[in-house]
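# Structural description and commentary
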Amino acid sequence: MVLPFLGFGLVLAVQDAIKSRRALAAIHDLPTSAIRKLRPGLAEVCGVIVESESSLISPWSESPCVHFEYKVEERDPSWEWETLAPWTECLNETERITFEIDDGTGKVTVEPDGAEFVYREVELKDGDQLEAADAKKVCLIMKERFNASPSQFELEEEDQENLDETDTEIFDLRHHENLLKPGTKIYVLGTVARSAQTTSFAFGETSPHGGYVIRTGKEQFIISPESEGAVTEHYKGKSKDSTGAILLLLIIIGALSAWVFSWGQRLSALFANSTL
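This is a predicted model, so every value here is computed, not measured.

### Observations concerning the overall build of the protein
Across its full length, the protein carries four helices and 14 strands. The 276 residues of the protein split such that 38% are buried. At a minimum sequence separation of 6, the contacts of the protein that also span at least 24 residues come to 73%. As displayed, the protein has an accessible area near 16400 Å², and 53% of this comes from carbon and sulfur atoms.

This is how it looks when you write it as structure tokens:
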């Protein structure tokens with residue numbers, strides 16, 4: 001029963017490795033294009049997110065943005081030794097809207113559905129847990145915006161009304177927010193296509209910047225506020241991790257297969273001897 005699960009994990013690791021290497025190849029092979037010179041096909045551009053009347057509001061910082069990722073973790077409350085309890089994810093939400101970027105030569109619409117967003121990796125540590133007031137604010141955000149809550153804490157109605165006044169213990173919660181705000185310079189690698197309409201979806205009106213849009217396609221689609229070099233290092237790390245996982249799984253599968261084969265031979269020998 002174990003071998004099929006290991007085989008499935010091996011398939012996923014191989015897929016991740018292939019995806020990462022394709023991304024690295026695309027980043028390496030494509031020069032950065034000026035937006036005014038864009039043509040249909042895979043392209044790489046860098047530009048600043050154009051401010052728009054239509055925007056999202058990020059959950060924690062309440063900042064206008066075109067994309068956010070918001071993650072909340074809690075200590076497993078079922079553990080007797082609370083300080084040794086593992087951190088588990090209790091919320092992982094992301095939202096995005098279509099937007100425009102400007103590189104000084106022109107503007108282009110970006111439709112981010114299907115994109116992989118690459119942010120600088122932040123490792124949450126044990127010392128990052130929130131104070132009581134901030135933890136309760138997180139709980140309120142989770143309940144009102146995402147209809148969710150940590151298993152260790154249910155926000156009472158009176159706490160919602162007196163969020164800053166209620167004196168409670170420190171809850172073991174920690175969180176992190178990534179977002180793309182107007183004015184941020186970003187890296188985009190995606191498929192350039194002719195728009196069916198010359199409409200700027202970010203503004204909701206006719207766009208004077210031509211009929212091209214960057215969207216998901218058969219090739220890679222990457223959006224990042226980091227530099228091209230940082231994006232490259234991100235995919236090098238993913239490729240290395242996937243390759244390591246493949247080697248480890250192959251070793252485990254080989255060892256288990258040898259063990260199963262050995263026991264099969266022993267059982268066959270015992271059965272043969274018992275029939276003599």
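On we go.
### Quick look at the pattern of salt bridges
Opposite charge on two side chains makes pairing possible when the charged atoms of those side chains draw close. Applying the stated rule across the entire model yields 10 salt bridges. Between E73 and K71 there is a salt bridge, and its shortest N-O distance comes to 3.8 Å. Here E73 makes a salt bridge to R174, at a shortest N to O gap of 2.7 Å. Pair noted here: E73 is in strand β4 (residues 67-75) and R174 is in strand β9 (residues 173-180), with a separation of 101 residues, a long-range link. The exposure class assigned to R174 is buried, which follows from its relative accessible area of 7%.

### A short note on a nonpolar patch on the surface
A cluster of nonpolar side chains, namely W259, V260, W263, L267 and L270, defines an oily patch on the protein surface of about 550 Å² accessible area. Tracing the backbone through its elements, the reader meets L267 in helix α4 (residues 228-274). Since its relative accessible area comes to 52%, L267 is described here as exposed.

### Quick notes on the sheet that holds β4
One open sheet holds the three strands; their spatial order is β5-β4-β9, and the pairing between them is antiparallel. Strands at the two margins of the open sheet, each flanked by one partner only, are β5 (87-96) and β9. In this sheet, neighbouring strand axes are inclined to one another by 10° on average, regardless of whether the strands run parallel or antiparallel. Judged from the eight bridges that link them, β4 and β9 form a sheet pairing that is antiparallel. Within β9, the position partnered with Y70 by the bridge is E177. Strands in contact with helix α2 (residues 132-146) are β4, β5 and β9; relative to β4, the strand with the most contacts, it is inclined by about 120°.

### Digging into the pairing of strand β10 (residues 185-194)
The buried fraction of β10 is high, at eight of 10 residues. Relative to β10, strand β1 (residues 41-49) runs antiparallel, the two being bridged by eight bridges. Across the sheet, the residue bridging to C46 is Y187, located in β10. When β10 meets strand β14 (residues 222-224), the two strands line up antiparallel, connected through three bridges. By the bridge assignment for β14, L189 is matched with I222. Pairing analysis gives four bridges linking β10 to strand β13 (residues 212-215), with the strands arranged antiparallel. Considered in β13, the bridge of V192 is made with I214.

### Description of the environment of A245
In this structure, A245 sits in helix α4. Residue A245 is classed as partly exposed on the basis of its relative accessible area of 31%. Sequence separation between A245 and V14 is 231 residues; the distance between their C-alpha atoms is 8.8 Å.

Procedures and definitions
- Residues numbered from 1 in each chain as written.
- Predicted model: local features only at pLDDT ≥ 70, side-chain atom pairs only at ≥ 80, totals over all residues.
- Heavy atoms only, no water.
- Helix = DSSP H or I, 4+ residues; strand = E, 2+ residues; numbered from the N terminus.
- Buried < 20%, exposed > 50% of the residue type's maximum accessible area, 1.4 Å probe, protein only.
- Contact = heavy atoms within 4.5 Å.
- Areas by Shrake-Rupley, 256 points an atom, 1.4 Å probe, with all protein chains shown as cover.
- Salt bridge = Lys/Arg side-chain N within 4 Å of Asp/Glu carboxyl O.
- Patch = residues over 30% accessible without salt bridge, like charges linked within 9 Å, V, L, I, M, F, W, Y side chains within 5 Å.
- Pairing = 2+ DSSP bridges.
- Axes fitted to C-alpha atoms, helices over the stretch in contact; angles between N-to-C directions.

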